[in-house]
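Here is how the chains run, residue by residue.
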Amino acid sequence: MDVLGVDACGKQGWVGIGLTGGAYAGSLVDSRLGTLIERAVGARVIAVDMPLGLVEKGWRAADLAAKALLGVRRNSVFLIAPRPVWQEREYVAAADRCQELTGNRLSQQAWALAPKLLEARACWLADERVHEVHPEVCFSALADGVPPAYAKKTWRGQHLRRSLLAGAGIVLPDVLGEADRVPVDDVLDAAGAAWSAYRIVRGTSGRVPEVPQLDAEGRAVEIRF
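Description of the structure in this document.

As a further point, take the sheet that holds strand β1 (residues 3-8). The five strands are arranged β3-β2-β1-β4-β5 in an open sheet whose pairing can be described as mixed. Two strands lie at the open edges of the sheet, namely β3 (23-30) and β5 (130-132), each paired on one side alone. Neighbouring strand axes in the sheet, compared pairwise and without regard to direction, differ in orientation by 25 degrees on average. Where β1 meets strand β4 (residues 45-49), five bridges bridge the pair, whose relative direction is parallel. Looking at β4, one finds that Val6 is bridged to Val48. Across the sheet, helix α5 (residues 114-126) is in contact with β1, β2 (14-20), β4 and β5; its angle to β2 comes to roughly 40 degrees.

This model, assessed by the stated rule, comprises one aromatic pair. Seen in terms of ring centroids, Trp86 and Trp111 are 6.0 Å apart; in terms of plane orientation they differ by 10 degrees. Their pairing is stacked. Highlighted residues: Trp86 in the loop between α2 (61-70) and α3 (91-102) and Trp111 in helix α4 (residues 108-111), separated in sequence by 25 residues. Comparing Trp86 with Trp111, the two get one shared label, buried. Sitting above the plane of the Phe139 ring, Arg161 keeps its charged end 5.8 Å from the centroid.

Now for the nonpolar core. Counting residues in each nonpolar core, the largest one holds 32 residues, and the members touching the most others are Trp14, Leu33, Val48 and Leu106. Broken down by secondary-structure element, the contributors of at least two residues to this core are β1, α1 (33-39), β4, α3, α4 and α5. Ranked by residue count, the leading element in this core is α5, at five residues. Those residues in contact with Leu33, other than ones at most four positions away along the chain, are Val6, Trp14, Val48, Glu119, Ala120 and Cys123. Within the second largest apolar cluster, 29 residues are counted, among which are Val182, Ala191, Ala193 and Ile200.

A separate point is the pairing of β2. Within β2, six of the seven residues are buried, which leaves the element mostly enclosed by the surrounding structure. As judged from the six bridges shared by β1 and β2, these two strands associate in the antiparallel manner. Opposite Val3, over in β2, you have Leu19 as the bridge partner. Counting the residues between successive antiparallel strands, the hairpin from β1 to β2 contains five residues, one of them, Gly10, with a positive phi of roughly 60 degrees. Direction of pairing for β2 relative to β3: antiparallel, over a ladder of seven bridges. When the sheet's bridge partners are listed, Val15 is paired in β3 with Val29. The turn linking β2 back onto β3 is made up of two residues, and Gly21 within it adopts a positive phi angle of 60 degrees.

This paragraph deals with the side chain of Asp186. By secondary structure assignment, the location of Asp186 is in helix α8 (residues 184-202). Here Asp186 is buried and forms no salt bridge, its nearest opposite-charge partner Lys152 lying at an N-O distance of 5.3 Å. Excluding anything up to four places from it in sequence, Asp186 contacts Asp7, Ala8, Cys9 and Val15.

Take unusual backbone geometry next. Residues Val208 and Pro209 are joined by a peptide bond in cis, for which omega reads -10 degrees. The residue Pro209 is located in strand β6 (residues 207-214) in this model. Phi at Asp144 is positive, roughly 60 degrees, even though this residue is not glycine. Here Asp144 is to be found in the loop between α6 (135-142) and α7 (155-167).

Side-chain pairing between opposite charges can occur once the charged atoms of the two side chains come close. Applying the stated criterion across every chain, the model contains 17 salt bridges. Across the salt bridge formed by Arg60 and Asp63, the nearest N and O atoms sit 2.8 Å from each other. Here Arg60 and Asp63 have matching classes, each one buried. The network of salt bridges with common partners includes Asp30, Arg39 and Glu178.

Cut-offs and rules
- Residues numbered from 1 in each chain as written.
- Predicted model: local features only at pLDDT ≥ 70, side-chain atom pairs only at ≥ 80, totals over all residues.
- Heavy atoms only, no water.
- Pairing = 2+ DSSP bridges.
- Helix = DSSP H or I, 4+ residues; strand = E, 2+ residues; numbered from the N terminus.
- Axes fitted to C-alpha atoms, helices over the stretch in contact; angles between N-to-C directions.
- Contact = heavy atoms within 4.5 Å.
- Phe/Tyr/Trp six-rings, centres within 6.5 Å; stacked < 30°, edge-to-face > 60°.
- Buried < 20%, exposed > 50% of the residue type's maximum accessible area, 1.4 Å probe, protein only.
- Lys NZ or Arg CZ within 6 Å of the ring centre and 35° of its normal.
- Core = buried A, V, L, I, M, F, W, Y, C linked by side-chain atoms within 4.5 Å.
- Lys, Arg positive; Asp, Glu negative; His and termini not counted.
- Salt bridge = Lys/Arg side-chain N within 4 Å of Asp/Glu carboxyl O.

Below is the structure:
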């Protein structure tokens, strides 16, 4: 595999779609992201659908920019709370901390991301090949800046996304192997992430915001596509 695109897939853990030369090269599923990455032999870039860079206060500019970019799909982007919020051990304390740092409380839905967010963030901190992506931003870019008209869990939405991938040379086979047991929308999200990973390798990728924020350690807080 030249690159790997990864999406979280509930209790199954993580699903990865690999590309070689921009074409489908296989799928991986693993309960741990670190193990999935280890299995992606030769991957030069790993693009993960999960917030990775965190700011100390306020909302991330990347999420606000992605919402503005996506229009009808703007609700697919969560506003990601500052780093101190994710250090709390239970929801009420995290919500209180979020109120203090952003002026708004953390939603239960956002807090549910905590285990996988922290797992993915640890991989990002340890491996410079790992980049953050957002599938709806990827598919919007695949459609020349037009956000998907249909939600990813609908038949029309899945057909649209699969067609966009095929138009870019990523033809997903009817039999995926490991990913056969993963929900279709998660497979498509991982494939969209892989497309962005391949663009990063080729030096043709974009980012939101165009000028990224920096975290406390000087790392870019951005969404690639």
